[in-house]
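Here is what each chain is made of, one letter per residue.
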Amino acid sequence: MEDPLKPISVSRGKVMTTSRRASTGTTSSSGTTTPRNATAAATLALDPLNSVLEGMDPLSQMAEMDPLSQMSLELTMEKKGFGASLGKKVVMTEESFEPWRSKKAAILARYTTSERLTLTSFDLSPAEKAALQGPASVTDKVKNRLEQLDDFEEGSLKEMLNLSQQEYVSRIDELSHQLQSAWQQDQRVRSLKIAIQCSKLLVDTSVIQFYPSKFVLVTDVLDTFGQLVYGRLLEMAQYMAPGAVVPGRLPDDFTPNQVPESAKETCRNWFFKIASIRELTPRLYVEAAVLKCYKFLQENEHQEALLRLAHMTRGIGDPLVSLYARSYLCRVGMSVAPIYKDHLTLSFKDFLKCYSQVQSDTVQNTLALQKMEMQSYLQLYSPGLDWILQCMAHRSSESILNDILIDGRKQCNSALLLNSIMTAFKPE
């Protein structure tokens, strides 16, 4: 006997479709009206999909793949390097990973201050003023750029004192617009200088309760700079596809072998400029901002750079500043190499080693000067630590959580870490 479920489930959509047609009046050649059920049955019999589904359980066709089988398939594809072809299911998804942009508003609302703030601003150097006067020859452009490089980290700076929080936020937003405007006017060096000076603001902890919000504001500017550099390199990297007559844009999944040498040379020049930044913290932040550009040079270069920058964070003395530098590095890492985990583990373990510094004389003197309790100070760590642990928890095994608990009990047995663990590792 035929399975009674088969004709019901298969013909369900067809009956709905054909019934609409029948409602308009289906007549036979003799002029009599054909019943709706007869029309649906006839249509179903002639439907080629019906023959395809013959002998198959229709409930199996409607059901999704078993979650365990789906996970096994994705892990297999990841190991074989087919992550990009699976799209959102392998790469970080909003359903399984809370994006950074959803956290920013809460951080800005929570970490506020009534204290007056200080910000370093810019004046145009003579070379930059000359560049704004109008078109110039190639020789003049080269000369102006050399003069800008000579003025790279000295002069043309001024401090803006006694700013309110709103004035400070407005000034950061203005710097972001200046960076984009300078980029549009082909003043790449000035854009880089603005990115450097913005990243230097993250060294300052003079108003420490505002630091998490300042981190959000400044890293937005750095993200903009990184996008501009990457977009420019993508424009330069014209690719001659097989059989094409004229070069075109690189495909989304391009490899370094498809990138022309001129674009690679420009990319290297950007990293050489960044490597010449004298101060550690700005150099780390700016390189992390353009980390995606390593895709133009060599495969798997992201992983090596992430691990190298993670080691560089050990040179930052302030425990709060170093934590947020690691947090930014983890955020960039999730966008360029979401499967790679080594820099995440290193960043977390380095944080545990640095945690004892919160009891150091330097931190205690800072808290006494700013009249802040230790409990309030530790709350400043939460956004950065939450993000690092969320990155570690993403697509991880249960052993990761056990390792975090064991390491935390030994080196950072505090409510700060426990709260961040509960935030990052959601209950199944």
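What you see is a predicted model, and the numbers here were worked out from it, not measured in a lab.

(A) Focus on the packing of aromatic side chains. The tally for this structure, following the rule as stated, stands at 16 aromatic pairs. Plain terms: the ring middles of Phe225 and Trp270 are 5.8 Å apart, the flat faces sit at 75 degrees to each other, and that makes the pair edge-to-face. In this pair, Phe225 is assigned in helix H12 (residues 211-236) and Trp270 in helix H13 (residues 261-275), connecting sequence segments 45 residues apart. The pair Phe225 / Trp270 is uniform in exposure class, with both members buried. Ring plane angle 55 degrees and centroid distance 5.2 Å describe the contact between Tyr230 and Phe296, whose orientation is recorded as tilted. Of the two residues, Tyr230 is situated in helix H12 and Phe296 in the loop between helix H14 (280-289) and helix H15 (301-312); the sequence distance between them amounts to 66 residues.

(B) Spatial organisation of the side chain of Ser213. Tracing the chain through its elements places Ser213 in helix H12. Taking relative accessible area as the criterion, Ser213 reaches 1% and is therefore assigned buried. Those residues in contact with Ser213, other than ones at most four positions away along the chain, are Ile107, Leu108 and Tyr111.

(C) Inspection of the environment of Met392 at higher detail. As for its placement among the helices and strands, Met392 is situated in helix H20 (residues 382-393). Owing to a relative accessible area of 8%, Met392 belongs among the buried residues under this scheme. Residues Met392 and Leu344, spaced 48 residues apart in sequence, show a C-alpha to C-alpha distance of 6.3 Å. The contact partners of Met392, leaving out residues within four places of it in the chain, are Lys341, Leu344, Thr345, Phe348, Ile400 and Ile404.

(D) The packing of helix H17 (residues 342-354) against helix H21 (residues 398-411), seen in detail. The contact between H17 and H21 brings their axes to 9 Å, and the two run at 15 degrees. Taken together, the axes of H17 and H21 lie roughly parallel to each other. Along this stretch, H17 crosses H21, giving a crossing that reads as right-handed. For the pair H17 and H21, contact is made by Phe348, Lys349, Leu352 and Lys353 and by Ile404, Asp407, Gly408 and Gln411, respectively. Among the residues forming the contact of H17 with H21, the class breakdown is three nonpolar, two polar and three charged.

(E) Summary view of the pattern of salt bridges. Evaluated as defined, the whole model comprises 13 salt bridges. Close ionic contact of Asp204 with Lys214 constitutes a salt bridge, the shortest N to O distance being 3.9 Å. With Asp204 in the loop between helix H11 (188-200) and H12 and Lys214 in helix H12, this residue pair connects regions lying 10 residues apart in the sequence. According to the relative accessible area criterion, Asp204 is partly exposed, its value standing at 29%. On the accessibility criterion, Lys214 (5% relative accessible area) is buried. Residue Glu235 is joined to Arg232 by a salt bridge in which the shortest nitrogen-to-oxygen separation is 3.9 Å. Of this pair, Glu235 and Arg232 are both found in helix H12, three residues apart, which corresponds to roughly one turn of the helix. One salt-bridge network, in which partners are shared between bridges, spans Glu261, Glu265 and Arg268.

(F) Region of the structure containing unusual backbone geometry. Although it is not a glycine, Asn300 adopts a positive phi angle of roughly 65 degrees. Its place among the elements puts Asn300 in the loop between H14 and H15. Its identity as a non-glycine residue notwithstanding, Lys371 has a phi of 55 degrees, on the positive side. By the element assignment, Lys371 lies in the loop between helix H18 (361-370) and helix H19 (374-379).

(G) Region of interest: helix H16 (residues 319-336). Compared with an ideal rise of 1.5 Å per residue, which puts 18 residues at 26 Å, H16 spans 26 Å between its outermost C-alpha atoms and is within 8% of the ideal. Across the 18 residues that make up H16, a large majority, 17, are buried. Where H16 begins, the side chain of Asp318 points an oxygen toward the backbone nitrogen of Leu320, at a separation of 2.9 Å.

About the thresholds
- Residues numbered from 1 in each chain as written.
- Predicted model: local features only at pLDDT ≥ 70, side-chain atom pairs only at ≥ 80, totals over all residues.
- Heavy atoms only, no water.
- Phe/Tyr/Trp six-rings, centres within 6.5 Å; stacked < 30°, edge-to-face > 60°.
- Helix = DSSP H or I, 4+ residues; strand = E, 2+ residues; numbered from the N terminus.
- Buried < 20%, exposed > 50% of the residue type's maximum accessible area, 1.4 Å probe, protein only.
- Contact = heavy atoms within 4.5 Å.
- Axes fitted to C-alpha atoms, helices over the stretch in contact; angles between N-to-C directions.
- Parallel < 35°, antiparallel > 145°, perpendicular 65-115°, else oblique.
- Left-handed = near helix turned anticlockwise from the far one by under 90°.
- Nonpolar A, V, L, I, M, F, W, Y, C, P; charged D, E, K, R; others polar.
- Salt bridge = Lys/Arg side-chain N within 4 Å of Asp/Glu carboxyl O.
- Expected span 1.5 Å × (residues − 1).
- Polar contact = N/O pair within 3.5 Å; in protein donor to acceptor, adjacent residues only side chain to side chain.

The values reported here are purely geometric and, on their own, carry no functional implication.
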